[in-house]
Amino acid sequence: MQNTEQTLASVLDEDGANAELLSLIHNLVDATEEIAVCVNKGALAGVLGSTQNENVQGETQKKLDIIANQLIKDALLSNEQVRALASEEEDDVVAGNKNGKYVVAFDPLDGSSNIDVNGQIGTIFTIYPARNDVATNSALQFQQRGTQQVCAGYVLYGASTLLVISTGGPTHCFTLDTASQQFLLTNPTLSIPQDTQEFSVNMANQRFWASSFQSYIADLIAGETGKRNKRFNMRWNASMVGDMHRVLIRGGIFIYPSDSRDAKQPAKLRLLYEANPIAMLVENAGGKAFNESQRILDIEPSALHQRVAVIMGSANEVEACLGYLQ
Ligand code: AHM
Ligand code: MG
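These numbers come from a predicted model, not from an experiment.

Q: Sorry, what's going on with the overall build of the chain here?
A: The secondary structure content of the chain amounts to 7 helices and 17 strands. For a compact globule of 326 residues, the expected C-alpha radius of gyration is about 20 Å, and the chain comes in at 19 Å, within 12% of that figure. Its C-alpha atoms give the chain principal-axis dimensions of roughly 55 × 45 × 40 Å. Counting only residues that meet the buried cut, the chain has 45% of its 326 residues in that class. For the chain, restricting intrachain contacts to residue pairs at least 6 apart in sequence, the fraction spanning at least 24 positions comes to 62%.

Next comes the structure, spelled out in structure tokens:
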């Protein structure tokens, strides 16, 4: 373990985060520590299982989705720097303080299908400067390119609870010390290897993919007998946070391509609170993050819960994949 003395505040302070941004990040991270306690207690706290509700995406909400959403919402709305917030579990933008400097979007519990099986789940968040040219509660507050993010991060509730965060500088990893209830720096600079022999994709969707994408995956599966002349292994957690954490630690390519299952919804992952924050963490760790035609962080958003295809991870492998799609 490295630099165990270094707390979140001292590291982000060194990265140049201002006091208002730091206070906001603190409130947000405090909420994730409460979520970690609920996740850890699981059935003992009565937090497993589903509710009768559906969110705006038409997905049945789990009890923990709602608990996590409320904890983060309450924490953010208590901070005067929060002008507005958006969540996977909220249909519309929620207004905060009209003088707040920032807007915050989050996926309170990513990988919800893993909740009841004690699998990896996470919280993803992103912070943008608030816009003064639109109303406090306007969805346009969030129609900013990913390059405008001033902070992106996730908390992974796994064997340990980890916080991976960047405020524009390096992507850092902290581990929750449950004795002191503090996140302590355990990897100051995540660095994604440029090459990999691991891919992450839901193979059950293969028949719905574009033929160019099917060819790419077929060549990975062919290993040393195919065009790539290289053996690959596959991993799929069904939790973007879990899968991307592995990629940030030891490399890999994570892909959720567009597919032909539903014409109205050609992709699955959400741009605002899934793809953009993870793309920022990936780029700041030396990796690449694209949809099928452009850099994710350059996409001009058009809707709050907009979905996007994602191809991210080890730089050379992302390039290899994009080469098949041209
Ligand atoms: P969620 O935010 O509702 O949990 O959905 C997003 C998740 C990602 O974490 C994961 O990569 C993907 O959906 C899993 O999809 P699939 O159900 O195809 O395995
Ligand atoms: Mg999600």
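We are not done yet, so read on.
Q: Teacher, can you tell me more about the domain arrangement of the chain here?
A: Much of the literature gives interface size as the accessible area that the parts lose upon coming together. Along its sequence, the chain is carved into domain 1 (8-187) and domain 2 (198-325). The C-alpha centroid of domain 2 is placed 23 Å from the C-alpha centroid of domain 1. Of the residues lining the interface, 35 residues belong to domain 1; the matching set on domain 2 comes to 28 residues. Contributing elements (two or more residues each) for the side of domain 1 that touches domain 2: strand 5 (102-110), strand 6 (121-129), strand 7 (151-157) and strand 8 (161-166). For the side of domain 1 that touches domain 2, the element with the highest residue contribution is strand 6, accounting for 5 residues. Residues of the side of domain 1 that touches domain 2, tallied by class, amount to 15 nonpolar, 16 polar and 4 charged.

Q: It is not clear to me how the site of ligand 1 should be interpreted in this structure. Could you clarify?
A: For ligand 1, the set of nearby residues contains 13 residues, the closest of which are Gly111, Ser112, Asn202, Ala238 and Met240. The residue inventory of the shell around ligand 1, partitioned by class, reads 3 nonpolar, 5 polar and 5 charged. Lining the shell around ligand 1 are residues from two domains, each supplying at least three of them: domain 1 (8-187) and domain 2 (198-325).

Q: Explain the sheet that holds strand 15 (residues 288-290) to me, please; I cannot follow it from the model alone.
A: Paired through their backbone hydrogen bonds, the strands of a sheet run either parallel or antiparallel. In space, the 5 strands of this open sheet follow the order 12-11-13-17-15, with mixed pairing throughout. Where the open sheet ends on each side, the last strands, each with one partner, are strand 12 (233-234) and strand 15. Where strand 11 (residues 198-200) and strand 13 (residues 253-256) come together, 2 bridges link them in parallel fashion. Of the residues in strand 13, the one forming a bridge with Ser200 is Phe254.

Q: Would you explain the pairing of strand 7 in this entry?
A: As a general feature of sheets, a regular strand has side chains that alternate between the two faces. Most of strand 7 is tucked away: 7 of the 7 residues are buried. Of the two faces of strand 7, the one lined by Cys151, Gly153, Val155 and Tyr157 and the one lined by Ala152, Tyr154 and Leu156 are each fully buried. Sheet analysis places strand 7 next to strand 8, joined by 6 bridges and oriented antiparallel. Its bridge partner lying in strand 8, Leu156 is registered against Leu162. Hairpin connection, strand 7 to strand 8: the antiparallel pair is bridged by 3 residues.

Q: Looking at this structure, I do not really get the packing of helix 4 (residues 211-222) against helix 7 (residues 315-325). What am I missing?
A: For the pair helix 4 and helix 7, interaxial distance at closest approach is 8 Å and the crossing angle is 140 degrees. Between helix 4 and helix 7, the angle falls in the class oblique. As for the relative orientation of helix 4 and helix 7, their crossing is right-handed in sense. Contact residues: Ser212, Phe213, Ser215 and Tyr216 in helix 4; Cys321, Tyr324 and Leu325 in helix 7.

Q: Looking at this structure, I do not really get the packing of helix 2 (residues 19-41) against helix 3 (residues 63-77). What am I missing?
A: Two numbers describe a pair of packed helices, the interaxial angle and the distance between the axes. One way to put it is that helix 2 packs onto helix 3 with a least axis distance of 8 Å and a crossing angle of 155 degrees. In terms of their interaxial angle, helix 2 and helix 3 are classed as roughly antiparallel. Considering only the axes of helix 2 and helix 3, their crossing is right-handed. Between helix 2 and helix 3, the residues in contact are Asn27, Leu28, Asp30, Ala31, Glu34, Ile35 and Cys38 and Leu64, Ile67, Ala68, Leu71, Ile72, Ala75 and Leu76, respectively. Of the residues in the contact of helix 2 with helix 3, the class split is 11 nonpolar, 1 polar and 2 charged.

Q: Would you mind showing me how to read the environment of Ser160 here?
A: Turning to its location among the elements, Ser160 is positioned in the loop between strand 7 and strand 8. Spatially, the C-alpha atom of Ser160 lies 6.9 Å from that of Thr175, the residues being 15 residues apart in sequence. Every residue in contact with Ser160, bar those within four places of it in the chain, is listed here: Thr175 and Leu176.

Q: Even after reading the chapter, I still don't get the nonpolar core, so can you show me in this structure?
A: Considering soluble globular proteins, one finds that nonpolar side chains tend to be buried as a cluster. Grouped together as the largest cluster of nonpolar side chains are 92 residues, with contacts concentrated most on Leu28, Val104, Val164, Ile278, Val310 and Met312. For this core, the element with the highest residue contribution is helix 6 (residues 271-283), accounting for 9 residues. Composition of this core by domain shows at least three residues from each of domain 1 (8-187) and domain 2 (198-325). Apart from residues no more than four positions distant in its own chain, Val164 is found in contact with Gly153, Tyr154, Thr171, Cys173, Leu190, His245, Leu248 and Leu281.

Q: Can you help me understand the sheet that holds strand 8 in this one?
A: Read across the open sheet, the 8 strands follow the order 4-3-5-6-7-8-9-10; overall the sheet is mixed. Each edge of the sheet is formed by a strand with only one pairing partner; in this case those strands are strand 4 (94-95) and strand 10 (182-187). Two strands pair when backbone bridges link them, and strand 6 and strand 7 are joined in this way by 7 bridges, in the antiparallel orientation. Opposite Thr126, over in strand 7, you have Ala152 as the bridge partner. Along the sheet, helix 3 contacts strand 3 (82-87), strand 4, strand 5 and strand 6; its crossing angle with strand 5, the most-contacted strand, is approximately 160 degrees.

Analysis parameters
- Residues numbered from 1 in each chain as written.
- Chains lettered and ligands numbered in written order.
- Predicted model: local features only at pLDDT ≥ 70, side-chain atom pairs only at ≥ 80, totals over all residues.
- Helix = DSSP H or I, 4+ residues; strand = E, 2+ residues; numbered from the N terminus.
- Rg over C-alpha atoms; globule rule 2.2 N^0.38 Å.
- Buried ≥ 20, exposed ≤ 12 C-beta atoms within 10 Å, placed from the backbone.
- Contact = placed C-beta atoms within 7 Å.
- Domains from an automatic or database assignment.
- Nonpolar A, V, L, I, M, F, W, Y, C, P; charged D, E, K, R; others polar.
- Near = placed C-beta within 6 Å.
- Pairing = 2+ DSSP bridges.
- Axes fitted to C-alpha atoms, helices over the stretch in contact; angles between N-to-C directions.
- Parallel < 35°, antiparallel > 145°, perpendicular 65-115°, else oblique.
- Left-handed = near helix turned anticlockwise from the far one by under 90°.
- Core = buried A, V, L, I, M, F, W, Y, C linked by C-beta atoms within 7 Å.

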